[in-house]
Amino acid sequence: MQSPNELQAAIIEAIYDKKGQKIQLIDLSEIECSPAPALIICQARSSAQVSAIADNVREEVSRQLHIKPYATDGYRNAQWIIVDYGSVMLHVFQPEVREFYRLEELWSDGKSTELPDID
């Protein structure tokens with residue numbers, strides 16, 4: 001079984017591969033009612049890029065770690081796609097949708113780490 005850190009690293013690498021931006025890792029492991037021990041949030045410039053990031057994460061995590069997500073949602077509109085791995089939930093947003101829902105504020109009790117954008 002892979003560690004949560006290996007899963008997080010594989011997800012983040014796959015996001016960077018598709019030029020995802022404003023990646024934020026939120027550690028919720030100390031919060032009793034959290035949906036997962038960790039959230040990864042990122043954004044993309046278009047619905048096509050949102051889908052491409054989510055697809056690449058699924059492909060790379062499956063290839064590298066041999067695990068598949070428990071669930072996915074949001075592909076129809078591709079404004080916000082969720083990929084649920086149980087120990088890590090990935091949220092891929094278009095910027096205006098991310099701004100509207102503000103998940104970072106909702107889970108502000110968690111330890112948040114912003115990762116640098118790669119150009």
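Overview of the structure. (Residues numbered from 1 in each chain as written. Predicted model: local features only at pLDDT ≥ 70, side-chain atom pairs only at ≥ 80, totals over all residues. Heavy atoms only, no water.)

### Considering the nonpolar core
Then step 1. Counting residues in each nonpolar core, the largest one holds 26 residues, and the members touching the most others are I11, I15, I40, V57, V61 and L90.
Then step 2. Secondary-structure elements contributing two or more residues to this core are α1 (4-17), β1 (21-27), β2 (38-43), α2 (47-65), β4 (80-84) and β5 (88-93).
Then step 3. Ranked by the residues each element gives to this core, the list is headed by α1, at seven residues.
Then step 4. Residue contacts for V61: discarding those within four places in its chain leaves L7, A10, I11, H66, I67 and Y85. (Core = buried A, V, L, I, M, F, W, Y, C linked by side-chain atoms within 4.5 Å. Buried < 20%, exposed > 50% of the residue type's maximum accessible area, 1.4 Å probe, protein only. Helix = DSSP H or I, 4+ residues; strand = E, 2+ residues; numbered from the N terminus. Contact = heavy atoms within 4.5 Å.)

### Looking at α2
Then step 1. For α2, built from 19 residues, the straight-helix expectation of 27 Å at 1.5 Å per residue is met to within 8% by its first-to-last C-alpha distance of 27 Å.
Then step 2. All buried positions along α2 are accounted for by Q49, V50, S51, I53, A54, N56, V57, E60, V61 and L65.
Then step 3. Immediately downstream of α2, the backbone of H66 shows phi near 60°, a positive value. (Expected span 1.5 Å × (residues − 1).)

### A short note on the pairing of β5
A regular strand places its side chains on the two faces of the sheet in alternate fashion.
Then step 1. Among the six residues of β5, six are classified as buried, and the element is accordingly described as predominantly covered.
Then step 2. By the bridge criterion, six bridges tie β2 to β5 in an arrangement that is parallel. In the strand pairing of β5, Q43 is matched with F93.
Then step 3. Sheet topology places β4 next to β5; five bridges connect them, and they run antiparallel. Paired with I81 across the strands is V92, a residue of β5. (Pairing = 2+ DSSP bridges.)

### A word on the environment of D55
Then step 1. Position of D55 relative to the elements: it lies in helix α2.
Then step 2. Engagement of the side chain of D55 in a polar contact is seen with the side chain of Y75, the distance being 2.8 Å. (Polar contact = N/O pair within 3.5 Å; in protein donor to acceptor, adjacent residues only side chain to side chain.)

### Structural notes on the packing of aromatic side chains
We describe a pair of aromatic rings using the distance from one ring centre to the other and the angle between the two ring planes.
Then step 1. For the structure on display, the rule yields three aromatic pairs.
Then step 2. Taking 4.7 Å as the distance between ring centres and 45° as the angle between the ring planes, the aromatic pair formed by W80 and Y101 counts as tilted. Taken together, the positions of W80 in strand β4 and Y101 in helix α3 (residues 95-101) put the pair 21 residues apart, joining distant regions of the chain.
Then step 3. With relative accessibility at 42%, the residue Y101 sits in the partly exposed group.
Then step 4. Arranged with centres 4.9 Å apart and planes meeting at 85°, the rings of F100 and Y101 form a pair that is edge-to-face.
Then step 5. Here the aromatic residues W80, F93, F100 and Y101 are joined through ring pairs into a cluster of three or more. (Phe/Tyr/Trp six-rings, centres within 6.5 Å; stacked < 30°, edge-to-face > 60°.)

Function cannot be inferred from these measures alone, as they are strictly geometric.
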